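Listed below are the residues making up each chain.
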Amino acid sequence: MTTSQTTDAGAALAAVEGIVGADRVTRGGLGDNTGLFRQRDVLASVKPGSAEQAREVVSAIAAARGAVSVHAFSTGRNWGLGSREPATDTVVALDLSDLTAIRDIDVAAGWAVVEPGVTQGQLAGLLADTERMVNVTVSTAHSSVLGNALDRGVGLRHQRVEDLVGLEVVLPDGELVHVGWWPEQDRKTPVYPHTLGPSLVQLFVQSNLGVVTGATIRLLPRPEALRVVRLNFTPDNLGAATDLLRRWVTQGLAAGVPKFYNPTAARGYGSAPGQFLLHVPVDGTEAAVAALSAIIAEEATRSGVFTEVSTTDATDPTAEHHAVTSLVERSYLGDPDVTDRVFEQKMGMRADQLDSDLGFLFFLPLLPFTAEAVVKAEELLARVHADTGILAGGTGNVLGADLVDLVVAMKFDRADARAAHRALDRLYELFSEQGFLPYRLDVDHHGWIDRVGGRPSARAFARRLKDSLDPTGVIAPGRYL
Ligand SMILES: Cc1cc2nc3c(=O)[nH]c(=O)nc-3n(C[C@H](O)[C@H](O)[C@H](O)COP(=O)(O)OP(=O)(O)OC[C@H]3O[C@@H](n4cnc5c(N)ncnc54)[C@H](O)[C@@H]3O)c2cc1C
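Treat the numbers as computed from the prediction; the structure is a model and nothing was measured.

Student: Help me understand the site of the ligand in this model?
Tutor: What surrounds the ligand is a group of 29 residues, the closest being Ser74, Thr75, Arg77, Val212 and Arg479. A distance of 2.4 Å separates an oxygen atom of the ligand from a polar atom in the side chain of Thr75. In this structure, an oxygen atom belonging to the ligand sits 3.1 Å away from a side-chain N or O atom of Arg440. Of all the secondary structure elements, the ones that give two or more residues to the shell around the ligand are strand 3 (69–73), helix 4 (145–150), strand 10 (211–218), helix 9 (341–347) and strand 16 (359–363). Its residues assigned to classes, the shell around the ligand shows 13 nonpolar, 13 polar and three charged.

Written out as structure tokens, the structure reads:
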């Protein structure tokens, strides 16, 4: 930084302290992150007490004329992709976790207005025993609904961006705008995110065009009944199991996001060593669920592809997988389990210990939903294991007839960080060569956006938007744009 930039940054920080109070500003970096990504030069972490304070902080940073920028996060549990770290240096971190208001809610109409610090556990708790539910993820119950959606996270019903219907955004010059659908005081309008004209909500997803201080979130109708059919199979049957699963999805038998787990990932759900696991959710009325699960179980058994087929894990208290499958079923019904039992079983520790005690990385490519692609992806994970010694869990989230979000998770001893990062680099290279491109980036691989982020003309257009809205780089330079 030049002397004048240091002066501008210092003045901005003093202004920020004046806005939020000195007790809400912590000077210095963000501490450990579970990915062991390089810790950025973070000047301070600021925790506004209200959305208006967050807006004023952005205005104060804008006044620093590019000497410093602001990186916002909601609850900062972006584990494996950087946790709270920004993409670049010389940044003030804007920690929005104290903005925990559910400002308004209409259960019958299916929406809630939430702030960034509202967790999935908090919102789900409010909806318990109602006819609506939240599309929850399998991350901790204490992660943000909004933060996850803003990075295109994936819930158990669909990708979370589908739940974003309206956003309250602070633009780089400090102006506050409401895009998409918002409730009106005097009349009830149907929930519809696009409004007339260009659809603006998605402009602020994986985006550094604004800081989001609130959102209208869709609440989904809760199915009357739901069951998860559990199937196990050996690695030689991966292609055949994929074909069968795809048929159940395309023919409308499965609901939400069916999941398949490679043997490393399946261990977290109690499967025997060497076994793949498949969870196929079916939902609707009681009669529909009974019929659909029976059809799937009968076809699965007849196929000879599976070593185990069960439709009764959750209803039979004596079943070996009763506890875990019950929790899985509840999460498909919008209950993220505030005690984090499955999360802790998978991670081997409490959520608040991850950043200091565990090594953990994510790589998140999209695959075509074909047997060929799924088998190829598993081969690539084996190759990375052979090359680096790092064993990756692979969980396939089926996002429709043609798309799989493959969650590649690497849990490692923190002393093995170098090998784990070598594995991560290999994953980017090998998967991208095959056309299996990542749809979320970790903080050390943001540069990959020019290699895998669409056509050059689209990138140039996005940068023109950024330059015209944020010429001095007030908001999160390098983050996706
Ligand atoms: C065991 C385990 C299971 C997991 N399961 C899932 C899963 O099922 N699905 C899934 O998607 N992820 C999953 N994750 C990954 C991660 O934990 C979640 O995505 C989590 O919700 C992200 O943390 P957060 O909600 O605190 O978001 P944050 O970390 O707050 O936000 C994520 C990013 O979005 C941007 N952002 C956030 N808030 C704002 C804002 N207000 N304005 C502008 N930009 C903003 C920032 O760049 C931030 O870095 C899992 C992780 C683990 C360890």
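Student: Even after reading the chapter, I still don't get the sheet that holds strand 2 (residues 42–46), so can you show me in this structure?
Tutor: Remark on secondary structure: sheet strands pair via backbone hydrogen bonds, oriented parallel or antiparallel. Read across the open sheet, the four strands follow the order 1-2-4-3; overall the sheet is mixed. Two strands close off the open sheet at either side, each with one partner strand: strand 1 (25–27) and strand 3. If you compare each strand with its neighbour and ignore which way they point, the axes differ by 25 degrees on average. Two strands pair when backbone bridges link them, and strand 3 and strand 4 (residues 91–95) are joined in this way by five bridges, in the parallel orientation.

Student: Mind showing me how you'd approach the environment of Val92 here?
Tutor: Along the chain, the position of Val92 falls in strand 4. Residue Val92 is classed as buried on the basis of its relative accessible area, which comes to 0%. Along the sequence, Val92 and Arg230 sit 138 residues apart, while their C-alpha atoms lie 46 Å from each other. The residues contacting Val92, other than those within four sequence positions of it, are Leu13, Leu43, Ala44, Val46, Ile61, Val68, Ser69, Val70 and His71.

Student: Looking at this structure, I do not really get the UniProt feature "domain: FAD-binding PCMH-type" (unreviewed entry) in the protein. What am I missing?
Tutor: Within the UniProt annotation, "domain: FAD-binding PCMH-type" (unreviewed entry) is assigned to residues 38–222. Summarising residues 38–222: 14% helix, 26% strand, and an end-to-end C-alpha distance of 42 Å.

Basis of the calculations
- Residue positions are counted from 1 within each chain, in the order its sequence is given.
- Given that the model is predicted, a residue must reach a pLDDT of at least 70 before its local features are reported, and side-chain atom pairs must reach 80 or more before they are shown or counted; all residues, however, enter totals for whole chains, interfaces and linings.
- Hydrogens and waters are ignored; side-chain quantities use all the structure's heavy atoms.
- Only heavy atoms are used to decide nearness, and a residue is near a molecule or strand if one of them lies within 4 Å of it.
- Residues adjacent in sequence count toward polar contacts only when both atoms are side-chain atoms; beyond that, a polar contact is any pair of N or O atoms within 3.5 Å, and within protein one must be able to donate a hydrogen and the other to accept it.
- Working definition: helices are DSSP H or I runs of at least four residues, strands are E runs of at least two. Numbering for both runs from the N terminus.
- Three categories are distinguished: nonpolar for Ala, Val, Leu, Ile, Met, Phe, Trp, Tyr, Cys and Pro, charged for Asp, Glu, Lys and Arg, and polar for the others, with Gly belonging to the last.
- In this description, strands pair whenever DSSP reports at least two bridges between them.
- Angles run from 0 to 180 degrees between N-to-C directions of axes, and those axes are lines fitted to C-alpha atoms, restricted for helices to the stretch in contact.
- Each residue gets one of three labels from its accessible area relative to the maximum for its type: buried under 20%, exposed over 50%, partly exposed in between, using a 1.4 Å probe on protein chains only.
- Any two residues whose heavy atoms approach within 4.5 Å at even a single point are treated as in contact.
- UniProt positions are given in the numbering used here, feature names are shortened, and annotations may be inferred rather than shown by experiment.

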